[in-house]
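Examination of the molecular architecture
Residue strings, one per chain:
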Amino acid sequence: MHIKKQRLLTPGPTPLYPPALHAMMASDLHHRTEDFRKIYQSALADLKVVMGTSYDVVPLVSSGSGAMDASVSNLFSKGDHVIVCSAGKFGERWSGIAKAYGLRVTELTAPYGDAVKPAAVIAALAANTDVKGVFIQASESSTGAAHDVKTIGEAVRKTSAIFIVDAITGLGTMPLDIEGWGLDVVIGGSQKAFMIPPGIAFLSVSPKAWKMEETSDLPHFYFNLKKEAKNAAAGESSWTPATSLILALAEALKYVKSIGMAQLIDNAQLLAKATRAAAVALGLELFTPHSPGAAVTAIKAPAGMDSGKIVKGFRERFGAIIANGQGEMKGRIFRVAHLGYFDFMDLFAVVASLEMILDANGHPVKFGTGVAAVQEVYAEAAGIRQPVHVE
Ligand SMILES: *Cc1c(COP(=O)(O)O)cnc(C)c1O
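What comes next is a walk through the structure. No experiment lies behind these values; they were computed from the predicted model shown.

Calculation notes
Residues numbered from 1 in each chain as written. Predicted model: local features only at pLDDT ≥ 70, side-chain atom pairs only at ≥ 80, totals over all residues. Heavy atoms only, no water. Helix = DSSP H or I, 4+ residues; strand = E, 2+ residues; numbered from the N terminus. Buried < 20%, exposed > 50% of the residue type's maximum accessible area, 1.4 Å probe, protein only. Contact = heavy atoms within 4.5 Å. Patch = residues over 30% accessible without salt bridge, like charges linked within 9 Å, V, L, I, M, F, W, Y side chains within 5 Å. Areas by Shrake-Rupley, 256 points an atom, 1.4 Å probe, with all protein chains shown as cover. Salt bridge = Lys/Arg side-chain N within 4 Å of Asp/Glu carboxyl O. 1 Å grid on protein atoms, 1.4 Å probe; cavity = no way out; pocket = protein on both sides within 12 Å on 5 of 7 lines; lining within 4 Å. Points joined across faces, edges and corners; volume = space filled by probe spheres on them. Nonpolar A, V, L, I, M, F, W, Y, C, P; charged D, E, K, R; others polar.

Looking now at the environment of Pro-241. Secondary-structure assignment places Pro-241 in the loop between α8 (225-233) and α9 (243-259). Accessibility expressed as a relative area gives 8% for Pro-241, which makes it buried. Separated by 72 residues in the primary sequence, Pro-241 and Gly-313 have C-alpha atoms spaced 39 Å apart. Among residues more than four places away in sequence, those in contact with Pro-241 are His-31, Phe-36 and Val-61.

What follows is the structure, given as structure tokens:
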């Protein structure tokens, strides 16, 4: 009946930056040419600027999980003892990968919606001096929780273990001082805050991590970090790179550099704050009240309402895709994304739509309640007027 524009509002894939999408149309180029080498090298240089590190940043043709896999298979040896901090579906993925390669895993878990406390990691490191690596999510996208990677990184740095951070939704949503905080491996993916389609992953590798690479004995062939890093330095890739995505990445990175990584992070954090304010104003419960991240806000569906109804309402009434919960959280929560190319116009629309969907499903809403909360957060941050309380 009415026009419904298609909108992708999930925490990955995220909305695409239009100039990056346009850049992909020039994909009829060969990767072993000077033209491509220039683009590849400048994109990788910009990636280091945006990630804020002088460490090697190794690109891979894969989704984020490929880089997670490569960080295990290239840096560890069979039987190595590692600690996995697990607070959601992605933490569980770390354990799955580590166990698949025959590592001995000590899991430190937090209930879904919470974060693993630095004190638990510090205690586990003290009790297990043979630990070779500590794995974590900077942002656990399945619950919206953020980990204190600064405190944990500073603790891991004092040991001989390396700290491997899945920052796939952490990059661009929280400050990450890779060298200052002892983050040995930091993993990113193209389809999150980098505003381009899925298919490229990348990871920064510290000298301490490269040292472990020298003695690693786990099997790997396609994902060979050392080989890839060496080739990347010369503007080459070990295998055929995802040329179209590299063109897109180069364009998106120009944009991120122009606004500044700090502003991209601030954008996500402000949208997250406004979303939390809207949820509370609408009488909804936050799923991660104690350690909320800024990549995505997970909100509990009202008692007795399946969150699938909310997801379906967005899709059927408004043509928008929002995320349900994953695994056991499916049906209980829905997730509003903030990472990458999201703005306040998006959020006004999301919250206004949410109000109507909740109301239509038996959670009465005075229309405008959540939207007003978002407006207040925006107006205060923009300095449009002083904070006032909505009645
Ligand atoms: C998206 C995501 C991944 C990677 O998932 P892929 O589907 O392999 O790209 C890993 N960790 C987190 C925290 C993520 O959000």
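Let's shift gears to a nonpolar patch on the surface. The grouping of Val-61, Phe-221 and Tyr-222 at the surface amounts to a nonpolar patch, some 320 Å² of accessible area in total. For Val-61, the location among the structural elements is in strand β2 (residues 56-61). Accessibility expressed as a relative area gives 34% for Val-61, which makes it partly exposed.

Taken as a whole, the largest pocket holds about 320 Å³ of empty space. Lining the largest pocket are 16 residues, and of these Gly-340, Tyr-341, Phe-342, Asp-343 and Asp-346 sit closest to its centre. For the lining of the largest pocket, the secondary structure elements donating two or more residues are β1 (7-8), α9 and α10 (261-281). The biggest single contributor to the lining of the largest pocket is α10, with three residues. When the residues that make up the lining of the largest pocket are grouped by side-chain class, the tally is nine nonpolar, four polar and three charged.

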